[in-house]
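An overview of the molecular structure
Chain by chain, the residues run as shown.
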Amino acid sequence: NEAEFAVGSIYRHFASKDALVTAILDDGTERLRSYLDHQMAKEATPQDKVRCWVEGVMSQAADPDIAATTLAVLWNAGNLGQTLSSPPSASAPLDTLLRAPFRELGSANPDLDASLVAHAVVGRLSDHLWQDVRPSPADIDHIAAFCLAAVTGSSR
């Protein structure tokens, strides 16, 4: 059975399309953050936690159905910057998960490093989504190695 509702009823819960898109982005980001947190908790080392985080973020481009939904949400969220003073961020809630592993890895500024890495990885995810290209295991290995090298200062 199809649910019946009037399109106007959506505006009883959301003041505008932007408010709806913001809520969808926030919900999706929180679901991904919760999933990543759960998966990372299973890992023993900070390096493995970072790799798990990268795999989880990039997995949003691995399945065509998830990729299409993620792309639609990111596209709509990108348009929010025109109407909101502070557009929602997909990377900010995710970067909090990297702070502890980065601290353990010796980062001098784990908050900033986590923010920079999250922006880079979400940006790379966006590239994969826009190009409709699934990340390969080699792509994910390279991204994880890059993130770890950026924090530890070691060469890849």
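Structural data are supplied above this passage.
Bear in mind that the values here come from a model prediction, so they are computed numbers and not experimental data. (Residues numbered from 1 in each chain as written. Predicted model: local features only at pLDDT ≥ 70, side-chain atom pairs only at ≥ 80, totals over all residues. Heavy atoms only, no water.)

Examining the pattern of salt bridges
Taken as a whole and judged by the stated rule, the model has eight salt bridges. Arginine 31 serves as the salt-bridge partner of aspartate 27, at 2.8 Å between the closest nitrogen and oxygen. Remark: arginine 31 and aspartate 27 occur in helix α2 (residues 17-41); sequence separation between them is four residues, near one turn of the helix. Overall, aspartate 27 belongs to the partly exposed group, its relative accessible area being 39%. Aspartate 111 is paired through a salt bridge with arginine 99; the nearest N and O atoms lie 3.5 Å apart. Of the two residues, aspartate 111 sits in helix α6 (residues 110-131) while arginine 99 sits in helix α5 (residues 91-104), which places them twelve residues apart along the sequence. Look at arginine 99 and you get partly exposed, because its relative accessible area is 28%. (Salt bridge = Lys/Arg side-chain N within 4 Å of Asp/Glu carboxyl O. Helix = DSSP H or I, 4+ residues; strand = E, 2+ residues; numbered from the N terminus. Buried < 20%, exposed > 50% of the residue type's maximum accessible area, 1.4 Å probe, protein only.)

Regarding the layout of surface pockets
Taken as a whole, the largest pocket spans an internal volume of roughly 330 Å³. Looking at the lining of the largest pocket, the elements with two or more residues in it are α2, α4 (64-80) and α6. Tallying contributions element by element places α2 first for the lining of the largest pocket, with six residues. Taken together, the residues that form the lining of the largest pocket break down as ten nonpolar, five polar and one charged. (1 Å grid on protein atoms, 1.4 Å probe; cavity = no way out; pocket = protein on both sides within 12 Å on 5 of 7 lines; lining within 4 Å. Points joined across faces, edges and corners; volume = space filled by probe spheres on them. Nonpolar A, V, L, I, M, F, W, Y, C, P; charged D, E, K, R; others polar.)

Thoughts on the nonpolar core
One finds Leu36, Trp53, Val54, Val57, Phe102 and Val121 to be the most contacted residues of the largest nonpolar core, which totals 29 residues. If you list the elements that add at least two residues to this core, you get α2, α3 (46-58), α5, α6 and α7 (137-152). Here the element with the most residues in this core is α6; it accounts for seven residues. Among all residues touching tryptophan 53, those that are not within four sequence positions of it are Leu36, Met40, Leu94, Leu97, Leu98, Val117, Ala118 and Val121. (Core = buried A, V, L, I, M, F, W, Y, C linked by side-chain atoms within 4.5 Å. Contact = heavy atoms within 4.5 Å.)

Structural notes on the environment of leucine 105
As for its placement among the helices and strands, leucine 105 is situated in the loop between α5 and α6. If sequence neighbours within four positions are ignored, leucine 105 has contacts with Pro46, Gln47, Val50, Leu148, Val151 and Thr152.

A short note on unusual backbone geometry
At aspartate 132, a residue that is not glycine, the phi angle is positive and equals roughly 55 degrees. Positionally, aspartate 132 belongs in the loop between α6 and α7. On the basis of relative accessible area, aspartate 132 is assigned to the exposed category, the value being 54%.

Structural measurements only, silent on function.
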